Amino acid sequence: MKERDSESFESLSQVLPNTSNPAHMIQMAMANSGSSAAAPPRQDQHDRSKWLLDCPEPPSPWHELKIQVKESFLTKAKRFKSLQKQPLPKRILSILQAVFPIFGWCRNYKLTMFKNDLMAGLTLASLCIPQSIGYATLAKLDPQYGLYSSVVPPLIYALMGTSREIAIGPVAVVSLLLSSMLQELIDPETDPLGYKKLVLTTTFFAGIFQASFGIFRLGFLVDFLSHAAIVGFMGGAAIVIGLQQLKGLLGITNFTTNTDIVSVLRAVWRSCHQQWSPHTFILGCSFLSFILIARFIGKRNKKLFWLPAIAPLISVVVSTLMVFLTKADEHGVKTVRHIRGGLNPISINDLEFNTPHLGHIAKIGLIVAVVALTEAIAVGRSFAGIKGYRLDGNKEMVAIGVMNVLGSFTSCYAATGSFSRTAVNFAAGCETAMSNIVMAVTVFIALECLTRLLYYTPIAILASIILSALPGLIDINEAIHIWKIDKLDFLALIGAFFGVLFGSVEIGLLVAVVISFAKIILISIRPGIETLGRIPGTDIFADTDQYPMSVKTPGVLICRVKSALLCFANASSIEERIMRWINEEEEDENTKSNDERKILFVVLDMSNLMNVDTSGITALVELHNNLIQNGIELVIVNPKWHVFHKLNQAKFVSKIGGRVYLTIGEALDACFGLKV
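These notes cover the structure that comes with them. Since this is a predicted model, take the numbers as computed values, not measurements. (Residues numbered from 1 in each chain as written. Predicted model: local features only at pLDDT ≥ 70, side-chain atom pairs only at ≥ 80, totals over all residues. Heavy atoms only, no water.)

1. Remarks on the pairing of strand E9 (residues 633-637)
Among the five residues in E9, four count as buried, and that is most of the element. Taken together, the two bridges between E9 and strand E10 (residues 660-661) define a ladder with parallel strand orientation. Within E10, the position partnered with isoleucine 636 by the bridge is valine 660. (Buried < 20%, exposed > 50% of the residue type's maximum accessible area, 1.4 Å probe, protein only. Helix = DSSP H or I, 4+ residues; strand = E, 2+ residues; numbered from the N terminus. Pairing = 2+ DSSP bridges.)

As structure tokens, then:
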């Protein structure tokens, strides 16, 4: 009967148009909007609305967690069953390939690939040896510990890692993290043995955390440090590291243990007025210039990629000969002196688990684990994308974690993937992780045979090598790119940068994480809402500000919530904004007559809304009551499963008369039918 009455009304309205009737205005606007699709039968529309109203209850968060865990175990169980069906030799090989990827790629390994890996590994070792010594001094350890960390960890990673290009070893940022945070517990100058034990224990905890992230698939924890925060943190850390190298470059004896820029510059200023070595400064600056020039030439001519790689080693050899022949160590030039050679000594007994600082050490280990993983995975994914293969993030975490745990047993401190050395490895034409094995063997030979020759190596050269590697950590172009794209991301970058520069490494990381979380919360709950209009010639409703050509439907205010969460933080603002729009529409007397101004419906599109809390539901109830008092009806479109369930539980759906629809078009058709 209602359908017949509606059809009679429509046929009558075509003969006798009535512009003062708001319902007729809605019909005419919908007809003139250019929609080529015919309106769906009202019975089908009613059925679809009933589907939405009668949908089952969504699963609880606990139930969803159980399903995820169950699926994870089922996947592993299926793999285990498929393994059981295979013959025993093939089953053993599959297990070995899953744990040690080297068993997968070594079957297709060829002599030509080994030639490329051999050249890449030797080139890598020529850069790694001087850098490792320098990074060990940055970590406030004896030089040999940097070399130790370039032997065992690369070998373990070559067995368990999935990246073909990544070069493993000590890096500047992790070395700075360890020295800046652990020296607050023990002074490395007064108690070097106790400090070394804390470094090894921290490395052990870092490895445990890293392996746990991979085993339990907790890689999302690494993403708490956004790309912008990492760029800012790396830039600030590079400047702090560079300022600390002024101690070696100037030959200063007494220097501050603080890492902030103010304390370091104050210490440099005081030392320059007291005692510093001009010979050391001239020597260090000369070889720093040589390394930077070699790097510039290597960038300009790709065929000379090997020149910046071997420039640090050449600097070490030449400067050592110069000091030895001129006896410059007797004239104020400080040298490395004794470096303990030989294979890595076992250090299991050096791990300190009975120390009162154990909780603090575990916290530092977690920070080191996250920063090291972030750098390694970012480097590995970058070069994997260039080569066109996929990097397994979970296996990478397990591999890096295991190599650091075993490294802590063999006198190694925290190692990870180095961007500068990985770039050299890639440019040298590496094919597989065999280049890491070649590098580790070369470093081991250097430990056995060449450590005595480094007795006269100047400290200034190690400072120069570290300084030459720092420009790669400061990415100004990326900072400008982030500023152009996302100002909130740039705020995280600046916060991390200045936090490291003027505070400490911990403060910089904390500021970066806090700003990143604040950005997520702000985007999720900011009171975003937009008015919608129909795009001419389509059934699409879009933002009227973004698409000025979109047509508003007279008598209907269509708006969409842009926030993912309707909660205590934004619900009142959204309610007030809708009422303000209605009042503005009602008070616009310049171009519209009284009948045209009347708002009959507010259609609220909830397609973007992922969840709603009790404050959000209360705001919706208040909005509905205010609309009813003004003679306006509220209609809801496309609420998500959990949102609809909560609204239904709060009896809100029944309060609005069950006016819940799948699309805006169906909501308008239903509204027009109700008014008719």
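The rest of the description comes next.
2. Some points on the packing of aromatic side chains
Each pair of aromatic rings is reported with the distance of its centres and the angle of its planes. According to the stated counting rule, one finds 14 aromatic pairs in the structure shown. Look at phenylalanine 383 and phenylalanine 426: their rings are 5.2 Å apart centre to centre, the planes differ by 50°, and that puts the pair in the tilted class. Of this pair, phenylalanine 383 sits in helix H17 (residues 358-387) while phenylalanine 426 sits in helix H19 (residues 419-427), placing them 43 residues apart in sequence. Between phenylalanine 498 and phenylalanine 502 the ring centres are 5.9 Å apart and the planes differ by 20°, which places this aromatic pair in the stacked class. Placement of the pair is phenylalanine 498 and phenylalanine 502 together in helix H23 (residues 487-502), with a separation of four residues, close to one helical turn. On the basis of relative accessibility, which here comes to 47%, the residue phenylalanine 502 falls in the partly exposed class. Chaining the aromatic ring pairs together yields one cluster made of Phe204, Phe205, Phe353 and Phe409. One residue, arginine 164, lies across the ring of tyrosine 389, its end atom 4.0 Å from the ring centre. Cation over ring: lysine 487 sits above tryptophan 483, and NZ or CZ is 4.6 Å from the ring centre. (Phe/Tyr/Trp six-rings, centres within 6.5 Å; stacked < 30°, edge-to-face > 60°. Lys NZ or Arg CZ within 6 Å of the ring centre and 35° of its normal.)

3. Some words on the packing of H23 against helix H24 (residues 505-525)
The geometry of H23 relative to H24 is characterised by a closest axis approach of 7 Å and an angle of 165° between their N-to-C directions. When the interaxial angle is binned, H23 and H24 end up roughly antiparallel. Crossing hand, H23 versus H24: right-handed. For the pair formed by H23 and H24, the contact residues are Leu488, Asp489, Leu491, Ala492, Gly495, Ala496, Gly499 and Val500 on the first element and Val505, Ile507, Gly508, Val511, Ala512, Ile515, Ser516, Lys519 and Leu522 on the second. Its residues assigned to classes, the contact of H23 with H24 comprises eleven nonpolar, four polar and two charged. (Axes fitted to C-alpha atoms, helices over the stretch in contact; angles between N-to-C directions. Parallel < 35°, antiparallel > 145°, perpendicular 65-115°, else oblique. Left-handed = near helix turned anticlockwise from the far one by under 90°. Contact = heavy atoms within 4.5 Å. Nonpolar A, V, L, I, M, F, W, Y, C, P; charged D, E, K, R; others polar.)

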